Amino acid sequence: MLPSNMAALLPSTQCLSLVFRNPGWLGSKGQLHCRAISTLSATPGVLTTGQHTVRRKCFSTQNGVGAKPSVSTDDDKNQRTLKEPEKSKPSIAVAVSPPRASNLQIAAAGGGTFVAMSALTAIDLALGHTLGSDTVILIAPMAATASLIFGAPAAPFSQPRNVIGGHFASAVVGASTYKLLLAFPALKPLGAALASSGAVGIMMLSKCLHPPSAATALLGVLGPEWVRDCGFQYAIHSSAGATVLVAVGVLVNNKIHSQKYPIYWW
């Protein structure tokens, strides 16, 4: 009797008669040899059954008699094509810049920066008259710090730990780098790079990264003579100025502009 798996492949009674006339086409367990399928096909390797095209498969003896053949039809291929998602080419996403701040926010940031820098200037002048001209807390990086405190009060870089700790650590790095250059004059061309990179590394290690503070370290090497001469007292001066800005930021942001500041203290 012709195996069921073989009958499923044969499209007509004419093919059946050919199989019975050629017993050598059947294997020991009734499997149909590949050469038999090729002979039966109008096109080598293809058997046509109705509107479906069945691809030739060599049946292994492991399947045994009556095992379901592993065949694929054109309809199956169409279904697989529908199921498989098309692979899209990677594209570079173009981000859209955030919207501009409102007029009220701009006015609040500008007004807060004005108040903070005015207070810092007044305290700097008072300390200069009282303690001497070498006591200076008003340095260029403080303007960048004020822009963060009032322009982006919720940013991590604007929090008190980052502001005060960043300026203190960077001033220590700047003073240390200057002393290193005095001991090794050959390193002077690398002074700016050593101070800036050292400040960034120390701030990240101490969890107080504050970008404007990198300029504080640079001033310790390339700044005016009074900065270089005051040594490690430069760290006290810069952190005192940062403390003044934070205090004004707490007052102006919370009481006047109704913005929560700081998000965290330490």
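Residues numbered from 1 in each chain as written. Predicted model: local features only at pLDDT ≥ 70, side-chain atom pairs only at ≥ 80, totals over all residues. Heavy atoms only, no water.

1. Considering the overall build of the chain
So, step 1. The helix and strand tally for the chain stands at 11 helices and 2 strands.
So, step 2. Counted from the first residue to the last, the chain has its helices and strands arranged as α-α-α-β-β-α-α-α-α-α-α-α-α.
So, step 3. The buried share of the chain, taken over its 266 residues, is 36%.
So, step 4. Accessible area for the chain stands at about 15900 Å²; split by element, carbon and sulfur atoms hold 63% of it. (Helix = DSSP H or I, 4+ residues; strand = E, 2+ residues; numbered from the N terminus. Buried < 20%, exposed > 50% of the residue type's maximum accessible area, 1.4 Å probe, protein only. Areas by Shrake-Rupley, 256 points an atom, 1.4 Å probe, with all protein chains shown as cover.)

2. Here we look at the packing of aromatic side chains
So, step 1. Overall, the coordinates contain 0 aromatic pairs when judged by the stated rule.
So, step 2. Directly above the ring of Trp266 sits Arg161, whose terminal nitrogen or CZ lies 4.9 Å from the centroid. (Phe/Tyr/Trp six-rings, centres within 6.5 Å; stacked < 30°, edge-to-face > 60°. Lys NZ or Arg CZ within 6 Å of the ring centre and 35° of its normal.)

3. Examining the environment of Ala242
So, step 1. With respect to the helices and strands, the residue Ala242 is situated in helix α11 (residues 233-256).
So, step 2. Exposure remark for Ala242: the relative accessible area of 0% places this residue in the buried category.
So, step 3. Considered as a pair, Ala242 and Leu138 are 104 residues apart in the sequence and their alpha carbons are 9.3 Å apart.

4. Notes on helix α8 (residues 191-205)
So, step 1. With 15 residues, α8 extends 21 Å from end C-alpha to end C-alpha; this agrees with the ideal 21 Å at 1.5 Å per step.
So, step 2. Of the positions making up α8, those classed as buried are Gly191, Ala195, Ala199 and Met203. Buried residues along α8 cover an arc of 85° about the axis, so they all sit on one side. Facing away from the buried side of α8 by over 90 degrees, the exposed positions are Met204 and Leu205.
So, step 3. Buried residues along α8 sit against α7 (160-183) and α9 (213-222).
So, step 4. Immediately beyond the C-terminal end of α8, within one or two residues, lies Lys207, with a positive phi of roughly 60°. (Expected span 1.5 Å × (residues − 1). Arc of directions from axis to C-beta. Contact = heavy atoms within 4.5 Å.)

5. Description of the packing of α7 against α9
So, step 1. Axis separation between α7 and α9 bottoms out at 7 Å; the angle between their running directions is 25°. Considering their axes alone, α7 and α9 lie roughly parallel with respect to each other. Pair α7 / α9 crosses with right-handed handedness. Along the contact surface, α7 presents Val163, Gly166, His167, Ser170, Ala171, Gly174, Thr177, Tyr178 and Leu181, while α9 presents Ser213, Ala214, Thr216, Ala217, Gly220 and Val221.
So, step 2. Here the contact of α7 with α9 is composed, by residue class, of 7 nonpolar, 8 polar and no charged. (Axes fitted to C-alpha atoms, helices over the stretch in contact; angles between N-to-C directions. Parallel < 35°, antiparallel > 145°, perpendicular 65-115°, else oblique. Left-handed = near helix turned anticlockwise from the far one by under 90°. Nonpolar A, V, L, I, M, F, W, Y, C, P; charged D, E, K, R; others polar.)

6. A short note on helix α5 (residues 103-131)
So, step 1. The terminal C-alpha atoms of α5 lie 42 Å apart, and with 29 residues this matches the ideal 42 Å at 1.5 Å per residue to within 8%.
So, step 2. The complete set of buried residues in α5 reads Ala108, Ala109, Gly112, Ala116, Met117, Leu120 and Asp124.
So, step 3. The elements touched by buried residues of α5 are α6 (141-151) and α11.
So, step 4. Gly132 sits one or two positions beyond α5 and adopts a positive phi of about 115°.

7. A look at the side chain of Asn162
So, step 1. Relative to the helices and strands, Asn162 is located in helix α7.
So, step 2. Of the residues examined, Asn162 reaches a relative accessible area of 5% and is grouped as buried.
So, step 3. Among the polar contacts made by the side chain of Asn162, one reaches the side chain of Tyr264 at a distance of 3.4 Å.
So, step 4. Setting aside residues no more than four positions away along its own chain, Asn162 makes contact with Pro156, Phe157, His167, Lys207, Cys208, Leu209, His210 and Tyr264. (Polar contact = N/O pair within 3.5 Å; in protein donor to acceptor, adjacent residues only side chain to side chain.)

8. Concerning the side chain of Arg161
So, step 1. Summarising the element assignment, Arg161 is placed in helix α7.
So, step 2. Here Arg161 sits buried without a salt bridge, and the closest side chain of opposite charge, Asp124, lies 26 Å off (N-O distance).
So, step 3. At 2.8 Å, the side chain of Arg161 and the backbone oxygen of Ser206 are in polar contact.
So, step 4. The contact partners of Arg161, leaving out residues within four places of it in the chain, are Gly166, Ser206, Lys207, Cys208, Trp265 and Trp266. (Lys, Arg positive; Asp, Glu negative; His and termini not counted. Salt bridge = Lys/Arg side-chain N within 4 Å of Asp/Glu carboxyl O.)

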